[in-house]
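So the chains spell out like this:
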Amino acid sequence: MCLAIPGKVIKIEGDDALIDFGGVRRKANVSLVDAKPGMYVIVHAGFAIQTLDPREAKESLKLWKEV
C-alpha cells in the first residue's frame, strides 16, 4: 500500500520539477504526466505519476492535517 501526499509544482526544468510538500521541497521527474507550475501531483519513487484537481488536492491536504 502506498500513501501519497499531494505536492504543488513550483517550477519545471526539462523533465525535473521542484515540488512543495507543505514546506518541504523535493525534486521529481514529471515526464510521465502533463504537469505545469501551480498544479498538484502525486509522486512515487521520484516520479510524478498523477496530476490532481486543485480542490481534490486541497481536500486531501486538509485531511492529512487533521490526522
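Each remark here, short or long, concerns the structure printed above.
**Focus on the layout of surface pockets**
Thinking step 1. Its volume calculated, the largest pocket comes out at about 170 Å³.
Thinking step 2. Those elements that provide at least two residues to the lining of the largest pocket are strand E2 (16-21) and helix H1 (54-66).
Thinking step 3. Looking at the lining of the largest pocket, the element that brings in the most residues is H1, giving 3 residues.
Thinking step 4. Residue composition of the lining of the largest pocket, by class: 6 nonpolar, 1 polar and 3 charged.

**Here's the deal with unusual backbone geometry**
Thinking step 1. In this structure, Ala45 is a non-glycine residue whose phi angle is positive, near 55°.
Thinking step 2. Counting through the fold element by element, Ala45 comes out in the loop between strand E4 (40-44) and strand E5 (47-52).
Thinking step 3. Ala45 gets classed as exposed once you look at its relative accessible area, which sits at 66%.

**Some thoughts on the pattern of salt bridges**
A side chain of one charge can pair with a side chain of the opposite charge when the charged atoms of the two come close.
Thinking step 1. What the rule picks out here adds up to 4 salt bridges.
Thinking step 2. Residue Asp34 is joined to Lys36 by a salt bridge in which the shortest nitrogen-to-oxygen separation is 3.1 Å.
Thinking step 3. Classification of Asp34 by relative accessible area gives exposed; the value is 57%.
Thinking step 4. What makes Lys36 partly exposed here is its relative accessible area of 43%.
Thinking step 5. In this structure, Arg55 and Asp53 form a salt bridge, with 3.6 Å as the shortest nitrogen-oxygen distance.

What counts and how
Residues numbered from 1 in each chain as written. Predicted model: local features only at pLDDT ≥ 70, side-chain atom pairs only at ≥ 80, totals over all residues. Heavy atoms only, no water. 1 Å grid on protein atoms, 1.4 Å probe; cavity = no way out; pocket = protein on both sides within 12 Å on 5 of 7 lines; lining within 4 Å. Points joined across faces, edges and corners; volume = space filled by probe spheres on them. Helix = DSSP H or I, 4+ residues; strand = E, 2+ residues; numbered from the N terminus. Nonpolar A, V, L, I, M, F, W, Y, C, P; charged D, E, K, R; others polar. Buried < 20%, exposed > 50% of the residue type's maximum accessible area, 1.4 Å probe, protein only. Salt bridge = Lys/Arg side-chain N within 4 Å of Asp/Glu carboxyl O.

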